[in-house]
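Remarks on the overall topology
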Amino acid sequence: MRITLITIFFLIFGSTFVKAQRFGYIDTDFILNKMPEYKKAQDEIGQLSAAWEKEIQEMSKKIEAMYSTLQAEQVLLTDEMRKERTAQIQKKEAELKEYQKKVFGFGGLFFLKKQELIKPIQDKVWDAVDKAAKQNNLAIVFDKAGELVMIYTDPRYDYTDFVLDELGLGDPNDKIKN
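As named in an unreviewed UniProt entry, the chain is OmpH family outer membrane protein, taken from Pseudochryseolinea flava. Per UniProt, the chain has the following entry under Sequence similarities (unreviewed entry): "Belongs to the Skp family."

**Digging into helix H3 (residues 36–73)**
For H3, which comprises 38 residues, the first-to-last C-alpha distance of 55 Å matches the rise-based estimate of 56 Å (1.5 Å per residue) to within 8%. When we look at burial in H3, the residues that qualify are Tyr 38, Ala 41, Ile 45, Ser 49, Trp 52, Ile 56, Ile 63 and Leu 70. For H3, the secondary structure elements touched by its buried residues are helix H2 (28–34), helix H4 (79–104) and helix H5 (109–135).

**A look at the packing of aromatic side chains**
As enumerated under the stated definition, the model contains five aromatic pairs in all. Both rings, one in Phe 104 and one in Phe 110, keep their centres 5.6 Å apart while their planes meet at 50 degrees; by these two values the pair is tilted. The class for Phe 104 is partly exposed, based on a relative accessible area of 33%. On the accessibility criterion, Phe 110 (22% relative accessible area) is partly exposed. Of the aromatic side chains, those joined through ring pairs into one cluster are Trp 52, Phe 104 and Phe 110.

**Section: the nonpolar core**
Grouped together as the largest cluster of nonpolar side chains are 21 residues, with contacts concentrated most on Ile 31, Met 35, Val 125, Val 163 and Leu 167. Secondary-structure elements contributing two or more residues to this core are H2, H3, H5 and helix H6 (160–167). For this core, the element with the highest residue contribution is H5, accounting for eight residues. Not counting residues up to four positions away in its chain, the partners in contact with Leu 167 are Ile 31, Met 35, Lys 124, Val 125 and Ala 128. If you look at the next biggest cluster of nonpolar residues, it comprises nine residues, including Trp 52, Ile 56, Leu 77 and Tyr 99.

**Overview of a nonpolar patch on the surface**
There is a patch of nonpolar side chains on the surface, built from Phe 23, Ile 140 and Tyr 157 and spanning about 240 Å² of accessible area. Structurally, Tyr 157 is set in the loop between strand E2 (140–143) and H6. Its relative accessible area of 31% is what places Tyr 157 among the partly exposed residues.

**Considerations on unusual backbone geometry**
Outside of glycine, negative phi angles account for most residues, and trans bonds account for most peptide bonds. Even without being a glycine, Asn 137 presents a positive backbone phi close to 55 degrees. With respect to the helices, strands and loops of the structure, Asn 137 is situated in the loop between H5 and E2. Judged by relative accessible area, which is 57%, Asn 137 ranks as exposed.

**A word on the side chain of Ser 49**
For Ser 49, the position within the fold is in helix H3. Aside from chain neighbours lying at most four places away, what touches Ser 49 is Phe 104 and Phe 110.

Here is what the cut-offs are and how they apply
Residues numbered from 1 in each chain as written. Predicted model: local features only at pLDDT ≥ 70, side-chain atom pairs only at ≥ 80, totals over all residues. Heavy atoms only, no water. UniProt positions renumbered as here; feature names shortened; annotations may be inferred. Helix = DSSP H or I, 4+ residues; strand = E, 2+ residues; numbered from the N terminus. Expected span 1.5 Å × (residues − 1). Buried < 20%, exposed > 50% of the residue type's maximum accessible area, 1.4 Å probe, protein only. Contact = heavy atoms within 4.5 Å. Phe/Tyr/Trp six-rings, centres within 6.5 Å; stacked < 30°, edge-to-face > 60°. Core = buried A, V, L, I, M, F, W, Y, C linked by side-chain atoms within 4.5 Å. Patch = residues over 30% accessible without salt bridge, like charges linked within 9 Å, V, L, I, M, F, W, Y side chains within 5 Å. Areas by Shrake-Rupley, 256 points an atom, 1.4 Å probe, with all protein chains shown as cover. Salt bridge = Lys/Arg side-chain N within 4 Å of Asp/Glu carboxyl O.

Listed below in C-alpha cells is the structure:
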C-alpha cells in the first residue's frame, strides 16, 4: 500500500520535478557592442566627456597660474592684497569643485546625458531578452557581463544569439540549435 502511494505520488508530482525551471545566460556587453546605435551613443558620450574634462583642466590651469603669480608677487604684496588674492584663488577652487560635481557627480550632466542616450538602447535589449526568454521557456536569464561571477558556462545555455536575432542583429548564416 505504501509503495503504491509513493508510486502514485511520484507519477503525479514527478512531472513537475522533471520540468524544473529552465535557465540561460546572455552577454549584454557582446550584444550592445553589436548595436550601431550603442556605438554612436558611446562616441557621443566620449566626446562630451572629453570636452568637459578639457574645460576642467583649463580651469585648473588658470587656478595654478593664479597661485604661481601669487607666489612670485608675494613679497611685493601687502597683507590685505595677499589675503584678497588667496580668497580669489579659494573661490575659483570652490567653483571648480562645484563644476566638477555638476558635470561628473551623481545626477550630473554626464550621468543624465549617458542615461538619456543609453536607456532607450538598454530597454530595447531588455525587451528582446524578455521575448527570447518567453520563446525558449526560460524562467531565469543571467547576464554573463554583469557582476555575477560565472566560473563555467555551457554554450548550449547561451541565449545571446536569440536576443541578437530578436534585435535583428543576428548572423543570417548562423543556425542556432539548442
